[in-house]
Amino acid sequence: DALNSHLLQVRTGEGKSVIQAICDVVLALLGFKIHGICYSEYLTTRDYADFLQLFQAFKVQNRIEYSTITSFSEKKALAKGNLRKLTEDLLLGSSMVSEAAADVMVGVPVEGMPAPLNGEELLSVDEIDVFFGPSFYGQTYNQVAELRLPEARAILTKIWSWRTCSQQELLEKVTASDEYTALLNKLPGWEFIVKREVESMCSAVVNLDACELEPHYSREKNRIGYKIFDSVDFDVSYGYTTSFQYLELEEQGKLLHDEEALSANLSLRVACGRLSYAELGQEPGKKTKIIGVSGTLSALQQPERQILEAYGLTSCSLMPSVYGAANFTEEHFVVVSDADHHVTIAREIGKKLERDRAVIVFFADSKKLKDFERLHCRKFAKTQCLLETQTHSEKQDVIKRATTAGQVTLTTAVFARGTDFFCNDRKVIHNGGVHVIDTRLPLDICEEVQTKGRTSRQGQDGSYQQILNAEDLKTMGIKNEIRMPDGDRSKLDQERDRVRDLAREKTAKQLEAATEVDKLTHKYFDAVLAGCSSATASLKELYEFIKKPTPGQSKRQHARLVCLSDATGSMSSLWNNAQSTINVMIRRIKEIGGNNFDLLWVAYRDYSERDNMLELSGWTSDAQQLQNFVNGIRCHGGGDCEEAVEQALLLARNEHRRTGISRVILIGDAPPHFEKKGQQLSNHRGVVLETDYQTEAQELKSLGVPVHTFRVGNHSGTKETFQLIANETGGQFADLSPESLIHAVCTSVLMDIGGEELVMEYRERFQ
């Protein structure tokens with residue numbers, strides 16, 4: 001009881017892991033059961049391997065375990081009971097007290113559950129500011145019961161075979177199928193779960209191509225894994241998206257032991273628990289003691305300090321450096337355009353290599369890293385990448401080479417914390433040490449401090465520089481009008497603080513929801529463990545809560561928009577603007593709304609251009625494909641005031657009948673032809689109208705497809721007809737300048753994905 005929770009700050013690269021291990025040994029000798037936890041699989045594995053002999057020397061290896069936060073969460077859940085197995089038994093009508101429950105109730109460990117030990121538990125947390133940061137605080141550790149039923153496999157396989165259907169058509173076909181009836185019969189009384197899960201299956205398969213989750217298949221493990229922080233985790237799945245990724249691998253002939261893999265992963269996945277990370281390790285009515293180490297405690301801001309105090313972490317020690325003041329140079333930061341970002345980074349790398357230094361470049365994610373590598377890395381003699389997908393030994397080799405003369409290392413932001421880039425190369429040390437380039441602005445100042453700590457370690461020289469992309473800053477929410485000259489940080493820091501405050505508000509709402517669902521989880525957990533009849537009602541209450549959108553997160557739908565844009569000679573300025581902004585446009589949509597959309601961009605002209613009156617991009621959410629389409633458009637034709645708007649609307653109607661669309665965007669500076677369907681056009685000899693704009697507006701109205709119209713210029717006839725089309729179909733009319741095209745498209749797509757909430761978020765960031 002005399003031991004109080006306490007924090008220690010140790011400057012990066014000066015023995016933080018060693019100090020933590022020694023403390024763990026001392027406390028284990030005093031009788032504590034030590035749970036050493038860290039966010040990173042790589043750091044956890046590295047540190048435990050480094051200190052295992054120390055633990056064994058003091059015979060405390062059975063009292064100290066190191067694990068990631070997620071692994072520790074799993075063990076804590078299993079210590080109470082196997083909630084997944086209990087839920088499976090409940091759904092299938094098995095005994096309310098299953099073997100899994102009975103084992104736990106009599107104190108017999110189930111597989112994967114830590115053996116019971118005497119002594120008080122203590123959390124020893126590495127990089128403790130991450131644990132109480134937004135990656136975990138306000139988030140939940142999720143429990144899913146996987147019912148590996150032949151009926152579930154059959155319905156997933158059937159949905160996969162129908163995946164080219166629209167989501168609504170697919171759902172109608174599935175719910176009318178024999179497979180759906182069989183699954184309902186297998187789970188009597190749980191029809192609401194079957195219905196919701198089948199809806200999730202249909203949504204997952206329709207959105208599979210647009211999904212940003214990159215699967216990493218291991219032939220050795222015969223499993224799909226995903227990048228989690230600095231490693232690939234093969235114990236993680238993302239619902240039915242993972243199921244369909246296995247089916248896709250099988251179809252491509254890439255799945256080893258396909259029957260084994262499909263049997264394990266084509267299941268009904270029923271959410272049965274959400275355990276709040278904020279409650280992790282805490283016992284009812286008692287605060288678990290915590291000791292924690294970090295290199296950035298002094299950089300914590302007041303809101304984060306208050307969170308720590310709520311866990312009893314009211315005292316901390318700051319260990320002075322044995323190496324004295326850091327020999328660290330921070331070079332002036334720069335903010336450049338998206339087009340100049342990579343060029344500027346490459347130029348700065350080249351300058352440092354001329355002096356035989358080593359350069360480490362941090363990117364926000366692997367996609368940004370790969371984009372730079374593809375375009376610029378041939379310029380440098382020695383280039384390597386440090387990636388989450390590499391093995392532990394591969395990472396170690398890259399890290400060792402990273403600080404040698406002439407070496408360029410490209411890596412992602414997750415390695416900016418905890419990675420030991422220590423330099424032994426005398427040439428590099430003599431020439432100024434390792435140079436770090438940070439290509440992103442971390443929202444949390446602690447992350448920036450950690451990135452700086454990858455150089456100038458243990459008294460060595462080193463330097464750091466930020467080269468920021470102006471468009472990335474806008475995506476973060478930094479206001480458009482903020483312009484930062486080289487070296488002036490005040491406005492940038494003020495804007496970052498404002499955006500950080502907004503993020504804290506979002507985290508607070510998420511924490512409220514996480515706390516509530518944690519209580520519902522334990523209510524159900526207790527009921528099913530005890531075999532109470534109330535377990536059924538408790539599961540339904542919990543399940544319905546889980547299926548609701550979380551605060552700050554709209555219910556997402558897949559948007560399919562047709563953008564009809566006049567491509568006659570007078571519209572060249574709008575198409576020129578589209579060429580320069582299409583990448584930014586798609587990036588902004590994905591940043592806020594994810595990959596839940598497809599666009600069909602259509603260039604329309606008039607009947608005098610019969611050979612290319614309509615040009616189509618094809619359905620896509622890929623920025624490069626849209627860029628290629630827009631770049632290939634040549635504005636020509638027109639000149640007789642009216643354009644073939646009615647043909648463009650007919651194309652949109654036909655697309656809706658084929659695959660379904662959520663809205664049409666119509667952009668032009670000229671009205672449609674005023675003649676009626678079947679009449680000959682006065683200015684185009686021999687052309688009889690196949691349809692007219694009023695007919696198309698009425699048809700689209702009957703199909704429930706709104707047309708949102710945008711007039712470019714000031715032609716009164718365009719305004720009159722565009723307003724009529726919008727009013728008839730339930731859309732809206734507005735005037736548009738070429739410069740505001742990006743806002744019109746982005747807000748339209750986001751409205752269809754997630755409604756007004758996403759549009760408001762966009763306007764707060766970019767307008």
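Residues numbered from 1 in each chain as written. Predicted model: local features only at pLDDT ≥ 70, side-chain atom pairs only at ≥ 80, totals over all residues. Heavy atoms only, no water.

Colleague: Describe the overall build of the protein, listing the residues and the values that go with them.
Modeller: Regarding its fold elements, the protein presents 28 helices and 24 strands. The C-alpha radius of gyration computed for the protein amounts to 30 Å, which stays within 12% of the reference 27 Å derived for 767 residues, consistent with globular compactness. For the protein, the C-alpha atoms occupy an extent of roughly 95 × 70 × 45 Å along the three principal directions. Within the protein, the proportion of its 767 residues that are buried is 53%. Taking the intrachain contacts of the protein between residues at least 6 apart in sequence as the baseline, contacts between residues at least 24 apart amount to 77%. (Helix = DSSP H or I, 4+ residues; strand = E, 2+ residues; numbered from the N terminus. Rg over C-alpha atoms; globule rule 2.2 N^0.38 Å. Buried < 20%, exposed > 50% of the residue type's maximum accessible area, 1.4 Å probe, protein only. Contact = heavy atoms within 4.5 Å.)

Colleague: Requested: an account of the confidence of the model for the protein, with residues and values cited.
Modeller: Per-residue pLDDT for the protein averages 89, and the proportion of residues at 70 or more is 93%. At the low end of the mean pLDDT range in the protein sits helix 5 (residues 99-105), at 44; at the high end sits strand 14 (residues 359-363), at 98. Counting contacts from residues 96-118, a segment whose pLDDT is below 50, to residues more than four positions away or on other chains yields 41 contacts. (pLDDT = per-residue confidence, 0-100.)

Colleague: Can you break down the sheet that holds strand 6 (residues 216-218) residue by residue, with the values?
Modeller: With respect to topology, three strands assemble into an open sheet ordered 6-7-8, the strand pairing being antiparallel. At either margin of the open sheet sits one strand with a lone partner, and together these are strand 6 and strand 8 (231-233). Each neighbouring strand pair of the sheet contributes to a mean axis angle of 45 degrees, computed without reference to strand direction. Judged from the three bridges that link them, strand 6 and strand 7 (residues 223-228) form a sheet pairing that is antiparallel. Bridging across to strand 7, His-216 finds its partner in Gly-225. (Pairing = 2+ DSSP bridges. Axes fitted to C-alpha atoms, helices over the stretch in contact; angles between N-to-C directions.)

Colleague: Quick rundown of the pairing of strand 15 (residues 382-386)? Include the residues and the values.
Modeller: Inspection of the sheet shows strand 15 paired to strand 16 (residues 407-412) by five bridges, in the parallel sense. From the neighbouring strand, Thr-383 faces strand 16, where its bridge partner is Val-408. Note on the crossover from strand 15 through helix 16 (residues 392-401) to strand 16: the handedness is right-handed. (Right-handed = clockwise from strand over helix to strand, strands pointing away.)

Colleague: If you had to explain the pattern of salt bridges to someone new, which residues and values would you point to?
Modeller: In total, this model carries 55 salt bridges according to the counting rule given. Among the ionic pairs, Asp-89 bridges to Lys-85, the shortest N-O distance being 2.8 Å. A residue pair is termed a helical-turn pair when its members lie 3 or 4 positions apart in one helix, as Asp-89 and Lys-85 do in helix 4 (residues 83-92) at four residues. Looking at Asp-89, the relative accessible area reads 8%, which means it is buried. Residue classification places Lys-85 among the partly exposed positions, given a relative accessible area of 34%. Across the pair Glu-197 and Lys-547 runs a salt bridge whose closest N-O atoms are separated by 3.3 Å. Of this pair, Glu-197 sits in helix 10 (residues 191-206) while Lys-547 is found in helix 21 (residues 535-547), placing the two residues 350 residues apart along the sequence. (Salt bridge = Lys/Arg side-chain N within 4 Å of Asp/Glu carboxyl O.)

Colleague: Hey, could you go over the packing of helix 7 (residues 150-161) against helix 9 (residues 178-186) for me, with residue numbers and the actual values?
Modeller: Put simply, helix 7 and helix 9 touch, their axes get as near as 9 Å, and they point 155 degrees apart. One finds that helix 7 runs roughly antiparallel with respect to helix 9. Between helix 7 and helix 9 lies a crossing of left-handed hand. Together, Glu-151, Ala-152, Ala-154, Ile-155 and Lys-158 of helix 7 and Glu-179, Tyr-180, Ala-182, Leu-183 and Lys-186 of helix 9 make up the contact between the two elements. In terms of residue class, the contact of helix 7 with helix 9 is made up of six nonpolar, no polar and four charged. (Parallel < 35°, antiparallel > 145°, perpendicular 65-115°, else oblique. Left-handed = near helix turned anticlockwise from the far one by under 90°. Nonpolar A, V, L, I, M, F, W, Y, C, P; charged D, E, K, R; others polar.)

Colleague: Explain the sheet that holds strand 24 (residues 733-736) residue by residue, including any values.
Modeller: Read across the sheet, six strands follow the order 21-20-19-22-23-24 without closing on themselves; strand pairing throughout is mixed. For this open sheet the edge positions go to strand 21 (614-616) and strand 24, each flanked by a neighbour on one side alone. Along the sheet, successive strands turn relative to each other by an average axial angle of 20 degrees, direction set aside.

Colleague: Help me get a handle on the pairing of strand 16, residues and values and all.
Modeller: Burial runs high along strand 16: six of the six residues are buried. Here strand 16 shows two buried faces, one formed by Gln-407, Thr-409 and Thr-411 and the other by Val-408, Leu-410 and Thr-412. As paired elements, strand 14 and strand 16 share five bridges and run parallel to each other. Bridge pairing links Ile-360 to Thr-409 in strand 16.

Colleague: Quick one: what's the story with the packing of aromatic side chains, residue by residue and with numbers?
Modeller: How two aromatic rings sit relative to each other is given by the distance of their centres and the angle of their planes. Using the criterion set out here, one finds 18 aromatic pairs in the structure. Ring centres of Trp-575 and Trp-601 lie 6.4 Å apart, and the angle between their planes is 55 degrees; on these two criteria the pair is classed as tilted. Taken as a pair, Trp-575 in helix 22 (residues 572-593) and Trp-601 in strand 20 (residues 597-604) lie far apart in primary sequence, 26 residues in all. Of the two residues, Trp-575 and Trp-601, neither departs from the other in class, the shared state being buried. Taken together, the ring pairs in this structure connect Tyr-39, Phe-136, Tyr-141, Phe-229 and Tyr-277 into an aromatic cluster. Its guanidinium or amino end placed over the ring of Trp-160, Arg-163 lies 3.9 Å from that ring's centre, counting from NZ or CZ. (Phe/Tyr/Trp six-rings, centres within 6.5 Å; stacked < 30°, edge-to-face > 60°. Lys NZ or Arg CZ within 6 Å of the ring centre and 35° of its normal.)

Colleague: How would you explain the environment of Glu-512 if you had to name every residue and give the values?
Modeller: Inspection of the secondary structure assignment puts Glu-512 in helix 20 (residues 490-530). When the C-alpha positions of Glu-512 and Ser-276 are compared, they lie 10.0 Å apart, and in sequence the two are 236 residues distant.

Colleague: Quick rundown of the packing of helix 4 against helix 21? Include the residues and the values.
Modeller: The N-to-C vectors of helix 4 and helix 21 enclose an angle of 110 degrees; their axes lie 11 Å apart at closest approach. When the axes of helix 4 and helix 21 are compared, the pair comes out roughly perpendicular. The interaxial crossing formed by helix 4 with helix 21 has left-handed handedness. Taking contact as the criterion, the partners of Thr-87, Leu-90 and Leu-91 in helix 4 are, on helix 21, Ala-535, Thr-536 and Leu-539. Its residues assigned to classes, the contact of helix 4 with helix 21 comprises four nonpolar, two polar and no charged.

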